[in-house]
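# Breakdown of the fold
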Amino acid sequence: MKDKPIVADYGFPYGTSKYPIELNIEVKKFFPKCKIAYITPPTEVFGNELVNEFKKPSTNICFISLAHMHFCIQELAEKGFLMPLDELLPKKIWFGEKRQTIAEKINENLVQVSDNIFNGHIYGIPKNIAFGTLFYRKDILDKYGFLGGPKTWEELIFQCSEMLKNGKNDLWGYMFRGGKRIGENFIEYLWSNGGDIFDTEKNLIINSKESAETLDFFHKLIHKYKFFPKDYLTRDNYKFVDDFMYGKGIFLHHWTDAILNFVKCKKSKIKNKFGYMLTPIGPSGKNHFSLAGGGSYVVPKNTKYIEIAKKLFCFFSNPKMCKNLDKKWNWPFSRFQYVFDEPLQSQPYYIKFNPACASKLLSNGRFFSSIPFYYKIYPAINKNVSLCLSGEIKIKDALKNMENEIESIINERKYSNVIKKGTEFMKNNFEKSISLSQISEYVGLSHTHFAHIFKKETGQSAIKYLQDIRLKNAIRLLKQYPNVSVKKVAYESGITDPKYFARIFKRLTGTTPEHYKNSCNSLAVIS
């Protein structure tokens, strides 16, 4: 069977949505030679399946829709997996009376674009924006005389308790993202309680009073008030969306994408019975905050089908086409809501269900990339939050574990950058008479500290590493120029003492520089 260019949708979560089917129809209409591949979201933050595809010499995948909760586009770009899109985008498009490049327009208007830019180049075009939000059963709250959902944690507990008192409703009081996404709930409620993972100077502050209050709040919802389903830790993340859609819960904290199911799915029992709102504020908080995510379109650098990728980008970047697709697919918070003059008109129910929340989410959302080292540290947060909520470890131990594990990850990354900078300096200056003090000064550390972390990370001393670079260069020169003197080869390799050069050369090769040079000379004559 002949290979076909593949359009991959990676990470779209809602199995009950018609999105994959409609995408297939739409793409097939304009690109009949393309094959649609829907790839299930990864169990880890970073999907190995797709990364392995990026690492191949070439791939049939020419266009990918990636979910930001699973992939850091800047990291993929840094690894060289993605193609810069600056040249693929249409050069000039009319926006009203102004003619601009789409890149200029996105830079001017779309907050999410920063997630898609690396070293000044665009590597992804936003598909949609999604926010963490609290959904509630408006019909049930109205029945009990509550005017809207809870604005604070205290109100959330009170409302749930009243509606579930004496077994009045056979419902779960509260549900949130489960499985590998439990940590996302903690982050949003921590923010809304006045806490954070890092301060403005990027100092780690996760082990705080605000964090302890946040874990204690979740712990009480689960174990004291028993608002949660018993299998909340193991249940599939999006099973909670289905449960809420089928009328089994009062509150659900999840992504705004879930509205697609509640409104459009034929099996939905809550089409006109729900509302949504910002994350309730905790006892130490002053404002509501939400995680902001969504998806972006990217092109693998190793694709076989660059020309088709260009056409697909023109297709998905054309303003008229974008408006038509957004209206048809009802994306929550279209990627082009800032570009078009009709924000949210293609999704009127977002305004209908909560006009205040629809606008506030745009200003109170914080993207994954705004959290330093997010994709590295998130597993540590998720693991310890899960262990704490299951009762396996205490709150203080969970926070201490998070602090220690995140600190270790930060130091590892920081030191890796220092080591990389130091090795590059040695490779570029080995022929000079450089010392350990000069190298450590260049990377900004004391020579004892640099020597310690270099040995820890590489398994050898910095001096030995520099020595090996010089000897490898000497071997290359002796092979390439057998008539050049050993003394000159040593000098050109950064070693000014011929006796020292001979000693370390023999230690590495088992022979003297003179003997090695003569053997290379003999081979050259024979050949």
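In what follows, the structure referred to is the one given above.
These notes cover the structure that comes with them. Small disclaimer: the values here were computed from a predicted structure and weren't measured.

One non-glycine residue, K202, adopts positive backbone phi at about 65°. Within the secondary structure, K202 is located in the loop between α7 (182-191) and α8 (209-224). Not every positive phi belongs to a glycine, and F373 is a case in point at roughly 60°. Position of F373 relative to the elements: it lies in the loop between β13 (365-367) and α15 (374-389). Under the relative-accessibility criterion, F373 is labelled partly exposed at 28%.

One finds Y174, F186, F251, F262 and I381 to be the most contacted residues of the largest nonpolar core, which totals 73 residues. Element by element, the count of residues in this core is highest for α15, at nine residues. Those residues within four positions of F262 in sequence are excluded, and the remaining contacts are F135, V241, F244, M245, L252, S268, I270, K271 and F274. Judged by nonpolar contacts, the second largest core, of 19 residues, contains F31, F63, M83 and Y305.

Bringing the pattern of salt bridges into the picture now. Applying the stated criterion to the full structure yields 18 salt bridges. Among the salt bridges present, the one from R137 reaches D139, with a minimum N-O distance of 2.9 Å. Among the residues examined, D139 registers a relative accessible area of 29% and is labelled partly exposed. Among the salt bridges present, the one from D468 reaches K464, with a minimum N-O distance of 3.0 Å. With D468 and K464 both in helix α19 (residues 462-480) and four residues apart, the pair spans about one turn of that helix. Judged by its relative accessible area of 17%, D468 is buried. If you follow the salt bridges from partner to partner, you end up with R177, R181, E184 and E188 in one network.

This brings us to the pairing of strand β8 (residues 125-137). When you tally the buried positions in β8, you get 13 out of 13 residues, the bulk of the element. Judged from the six bridges that link them, β8 and strand β12 (residues 290-298) form a sheet pairing that is antiparallel. Across the sheet, the residue bridging to F131 is A292, located in β12. Summarising the sheet, β8 and strand β10 (residues 249-255) pair through five bridges and their orientation is antiparallel. If you follow Y136 over to β10, its bridge partner there is F251.

Our next topic: the packing of α7 against α8. Packing of α7 against α8 brings their axes to within 9 Å, and their N-to-C directions diverge by 125°. Judged by the inter-axis angle, α7 sits oblique to α8. At the point where α7 passes α8, the crossing takes the right-handed sense. Of the residues in α8, those touching α7 at N185, F186, Y189 and L190 are E210, S211, T214, L215, F217 and F218.

Our next topic: the side chain of S268. Inspection of the secondary structure puts S268 in the loop between α10 (259-264) and β11 (274-277). Among the residues examined, S268 registers a relative accessible area of 10% and is labelled buried. At 3.3 Å, the side chain of S268 and the backbone nitrogen of I270 are in polar contact. Setting aside residues no more than four positions away along its own chain, S268 makes contact with M245, N261 and F262.

Following both chains from N to C, one finds α19 and helix α21 (residues 498-509) inclined at 90°, their axes separated by 11 Å at the closest point. Relative to α21, the element α19 is oriented roughly perpendicular. Taken together, the residues of α21 that come into contact with α19 (itself represented by Q467, L471, A474, I475 and L478) are Y500, F501, I504, F505, R507, L508 and T509. Taken together, the residues of the contact of α19 with α21 sort by class into nine nonpolar, two polar and one charged.

Next up on the list: the state of the cysteines. Two cysteines joined by a covalent bond between their sulfur atoms form a disulfide. The tally for this structure, following the rule as stated, stands at zero disulfides. C34 supplies the cysteine sulfur nearest to C62, a cysteine that is in no disulfide, at a spacing of 4.8 Å. Look at C62 and you get buried, because its relative accessible area is 0%.

How two aromatic rings sit relative to each other is given by the distance of their centres and the angle of their planes. Taken as a whole and assessed by the stated rule, the structure comprises 30 aromatic pairs. Plain terms: the ring middles of Y174 and F176 are 6.0 Å apart, the flat faces sit at 80° to each other, and that makes the pair edge-to-face. Consider the rings of F425 and Y442, whose centres lie 4.5 Å apart with planes at 25°: the pair is stacked. Note that F425 is positioned in helix α16 (residues 395-429) and Y442 in helix α17 (residues 436-443), a separation of 17 residues in sequence. By relative accessible area, F425 is classed as buried at 16%. Classification of Y442 as partly exposed rests on a relative accessible area of 41%. Pairwise contacts between aromatic rings join W153, Y174, F176, Y189, F217, F218 and F228 into one cluster. Residue placement shows R366 over the ring face of F289; its charged tip is 6.0 Å from the ring centre.

What follows is about the environment of N237. By the secondary structure assignment, N237 is in the loop between α8 and α9 (239-245). When its relative accessible area of 7% is taken as the criterion, N237 is described as buried. A C-alpha to C-alpha distance of 7.6 Å links N237 and K180, two positions 57 residues apart in sequence. With residues up to four places along the chain from it excluded, the contact list for N237 reads R177, G178, R181 and H254.

Our next topic: helix α18 (residues 447-458). For α18, spanning twelve residues, the distance from its first C-alpha to its last is 16 Å, which sits close to the expected 16 Å at 1.5 Å a residue. When we look at burial in α18, the residues that qualify are F450, I453 and F454. Within α18, the buried residues cover an arc of 105° as seen down the axis, which keeps them to one side. In α18, the exposed residues that point more than 90 degrees away from the buried face are T448, H452 and K456. In the segment just after α18, G459 is the residue with positive phi, at about 85°.

Calculation notes
Residues numbered from 1 in each chain as written. Predicted model: local features only at pLDDT ≥ 70, side-chain atom pairs only at ≥ 80, totals over all residues. Heavy atoms only, no water. Helix = DSSP H or I, 4+ residues; strand = E, 2+ residues; numbered from the N terminus. Buried < 20%, exposed > 50% of the residue type's maximum accessible area, 1.4 Å probe, protein only. Core = buried A, V, L, I, M, F, W, Y, C linked by side-chain atoms within 4.5 Å. Contact = heavy atoms within 4.5 Å. Salt bridge = Lys/Arg side-chain N within 4 Å of Asp/Glu carboxyl O. Pairing = 2+ DSSP bridges. Axes fitted to C-alpha atoms, helices over the stretch in contact; angles between N-to-C directions. Parallel < 35°, antiparallel > 145°, perpendicular 65-115°, else oblique. Left-handed = near helix turned anticlockwise from the far one by under 90°. Polar contact = N/O pair within 3.5 Å; in protein donor to acceptor, adjacent residues only side chain to side chain. Nonpolar A, V, L, I, M, F, W, Y, C, P; charged D, E, K, R; others polar. Disulfide = S-S within 2.5 Å. Phe/Tyr/Trp six-rings, centres within 6.5 Å; stacked < 30°, edge-to-face > 60°. Lys NZ or Arg CZ within 6 Å of the ring centre and 35° of its normal. Expected span 1.5 Å × (residues − 1). Arc of directions from axis to C-beta.

On their own, these measurements won't tell you what the molecule is for.
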